[in-house]
Amino acid sequence: MSELPWYRRHTIYVGDPSERTLCVVGDLDRDAVPEIVIGARRPTEELFWLDRTQSGAWERYLMDRDCGQIEAGGALADLTGNGKLDFVAAHDADGDRIFWWEQPGDPTQRWIRHGIFQMPANQSHDQFVADLDGDGRPELYFWNQGSGTLFWVPVPDDPRVSPWDGVQPVAMDVGREEGIAAADIDGDGHPDLVAGQSWYRLGADGTWERHRYAESYVSTRLGVADFDGDGRAEIVLSEGDASFVRPEAPYGRLVYCRPGDDPEGMWNATVLHDHLLDPHSLLVADFVGNGWPDVFVGELGSPNGDHLHPPALRVFLNRGGTFREQIIDLGVGGTHEAKLIVLDLRLGIVGKPYRNLGTEAPRGPDVDCVNLWLPED
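Calculation rules
- Here the residue numbering is sequential within each chain, running from 1 through the sequence in written order.
- Thresholds applied to this predicted model are a pLDDT of at least 70 for local features of residues and 80 or more for the giving and counting of side-chain atom pairs; totals over whole chains, interfaces and linings are not thresholded and use all residues.
- Each side-chain value is derived from all of the structure's non-hydrogen atoms; neither hydrogens nor water enter the calculation.
- Here the rule is simple: two strands pair whenever DSSP picks up at least two bridges between them.
- Each helix is a run of DSSP H or I of at least 4 residues and each strand a run of E of at least 2, with the numbering of both proceeding from the N terminus.
- Axes, fitted as lines to C-alpha atoms, cover a helix only where it is in contact. Angles between the N-to-C directions of the axes lie from 0 to 180 degrees.
- Here the aromatic set is Phe, Tyr and Trp, taking the six-membered ring for Trp, and pairing holds for ring centres within 6.5 Å; pairs whose planes are under 30 degrees apart are stacked, those over 60 apart are edge-to-face, and all others are tilted.
- Salt bridges, as used here, are contacts in which a Lys or Arg side-chain nitrogen is within 4 Å of a carboxyl oxygen on Asp or Glu.
- Residue burial is assigned from relative accessible area. The probe radius is 1.4 Å, only protein chains are included, and a residue is buried under 20% of its type maximum, exposed over 50%, and partly exposed in between.
- Working definition of a nonpolar core: buried Ala, Val, Leu, Ile, Met, Phe, Trp, Tyr and Cys residues. They are joined through side-chain atoms within 4.5 Å.
- In this description, contact between two residues means that some pair of their heavy atoms is separated by no more than 4.5 Å.

Visitor: Could you clarify how one ought to interpret the sheet that holds strand β19 (residues 234–239) in this entry?
Guide: Each strand in a sheet pairs with its neighbour through backbone hydrogen bonds, running either in the same direction (parallel) or in the opposite one (antiparallel). If you walk across this open sheet you meet the 4 strands as β18-β19-β20-β21, and the pairing is antiparallel. The outermost strands of the open sheet, each flanked by one partner alone, are β18 (220–225) and β21 (268–277). The sheet shows a mean angle of 15° between the axes of neighbouring strands, taken without regard to direction. In this structure, β19 lies alongside strand β20 (residues 251–258), joined through 4 bridges in antiparallel fashion. Paired with L237 across the bridge in β20 is V255.

Visitor: Would you take a moment to explain the packing of aromatic side chains for this structure?
Guide: Two descriptors summarise a pair of aromatic rings, namely the distance from one centre to the other and the angle between the planes of the rings. Under the criterion given, the structure shown has 14 aromatic pairs. Taken together, a centroid distance of 5.3 Å and an interplanar angle of 90° make the contact between W152 and W208 edge-to-face. In this pair, W152 is assigned in strand β12 (residues 149–154) and W208 in strand β17 (residues 208–212), connecting sequence segments 56 residues apart. Judged by centre distance (5.8 Å) and plane angle (85°), the ring pair of F227 and Y256 falls under edge-to-face. With F227 in the loop between β18 and β19 and Y256 in strand β20, the pair connects residues that are 29 residues apart, well separated along the chain.

Visitor: When you look at the sheet that holds strand β9 (residues 112–118) in this model, what are you seeing that I'm missing?
Guide: Pairing is antiparallel in the open sheet, where 4 strands are placed in the order β6-β7-β8-β9. If you trace the sheet from one side to the other, it starts and ends with β6 (75–77) and β9, each paired once. The average undirected angle you get between the axes of adjacent strands in this sheet is 25°. With 6 bridges joining them, strand β8 (residues 97–102) and β9 adopt antiparallel strand pairing. Within β9, the position partnered with F99 by the bridge is G115.

Visitor: Is there a simple way to think about the pattern of salt bridges in this case?
Guide: Pairs can form between side chains of opposite charge whenever their charged atoms are close. The tally for this structure, following the rule as stated, stands at 32 salt bridges. One salt bridge connects E209 with R201, and the closest N-O pair in it is separated by 2.5 Å. Its relative accessible area of 34% is what places E209 among the partly exposed residues. Across the salt bridge formed by R201 and E264, the nearest N and O atoms sit 2.9 Å from each other. Here the residue R201 occupies a position in strand β16 (residues 198–202), and E264 occupies one in the loop between β20 and β21, the gap between them amounting to 63 residues. Since its relative accessible area comes to 17%, R201 is described here as buried. The structure contains a network of salt bridges with shared partners spanning E19, R41, R42, D92 and D94.

Visitor: Sorry, what's going on with the nonpolar core here?
Guide: When a protein is soluble and globular, its nonpolar side chains tend to lie buried together. Counting residues in hydrophobic clusters, the biggest one holds 16 residues, and the most contacted among them are L22, V37, W49, M63, F87, W101 and W111. Secondary-structure elements contributing two or more residues to this core are β2 (19–26), β4 (46–52), β5 (58–65), β7 (86–90) and β8. Those residues in contact with W101 that lie beyond four places of it in its chain are L47, D64, C67, I70, D86, F87, V88, A89, W111, I112 and R113.

Visitor: Whenever I open this one, the pairing of β7 confuses me. Can you help?
Guide: Each regular strand carries side chains that alternate between the two faces of the sheet. With 5 of 5 residues buried, β7 lies mostly within the body of the structure. Residues D86, V88 and A90 of β7 are buried on one face, and the alternating residues F87 and A89, pointing to the opposite face, are buried as well. Pairing of β6 with β7 involves 3 bridges; the strand directions are antiparallel. When the bridges of β7 are listed, L76 appears paired with F87. In terms of strand pairing, β7 meets β8 through 4 bridges, oriented antiparallel. Following the sheet pairing, F87 is matched in β8 by W101.

This is how it looks when you write it as structure tokens:
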């Protein structure tokens, strides 16, 4: 099994004390260098993005402020068809709106906020934009945890008209699930929707068939790939907010799920780790360049900073569905909503800690920062 390179942590931004919820990566200014979008909900409701300058420093630009308390998740997509990335995000447990922000002619200026939908209840943790029905235009998929509903809506010809028409449920009464991805699960050549502990097939009548593949996991982050090389998709799950959802058993699991002969039945689950404190970052990528998808999992640690467990960043190196754990960083306030980023032809990871305000735990600068991990030669 190939060895993982040594990763160096770079702190690229330090801000005032804040509850920073989302982190999303994309090339906003079309300069072939990815930028980083950060959202915060307290004490200031704001979205901003970080741009790497020619000197290698990162510069901050405000996108919006006073937009309500933004939840973790977020998605970048070209919603207007002009070739520029726009942004989608939504309220947390104290709000019921989902929005998109139109990129202006100069992305360093304030972005234009548009309403999409007023949800039947509060909170949308995770949004996803893709063309899964094959009609040539993308759809928006989003959770509404307060109502236990997974929604979808085609992106309108004119997305500036608010609210968007045609919002409908993929599934209702599914509980407070999280995580969204897409993959061909049933092998029919068409992408299916993977959300929480179920996958969904779009029927010819425009309705979605729900198939549970796992159960009893909480606040799932998820990734999909063919890990064992058999030509079928498998799913990895981590329990991102276990200490909040299940305080009596605060440690979360990392689980590798494989379909049996019938992917519509429950899948076989192998626990790769069962002692993770809020593993809220889960990424799938070939970190060593050997052709096999590996798994990155990053622990947040205690959101109140009151647990002695040192949060770690780990890569589970894969060879045909067999995994070997390697720690790439330890402590530093953990990481939350980490994402993949490619800089100077190197595959790295960008993320930020999360810490609730008003806790008694010491709050050093390592809590209110954005970190970048890049492999070193």
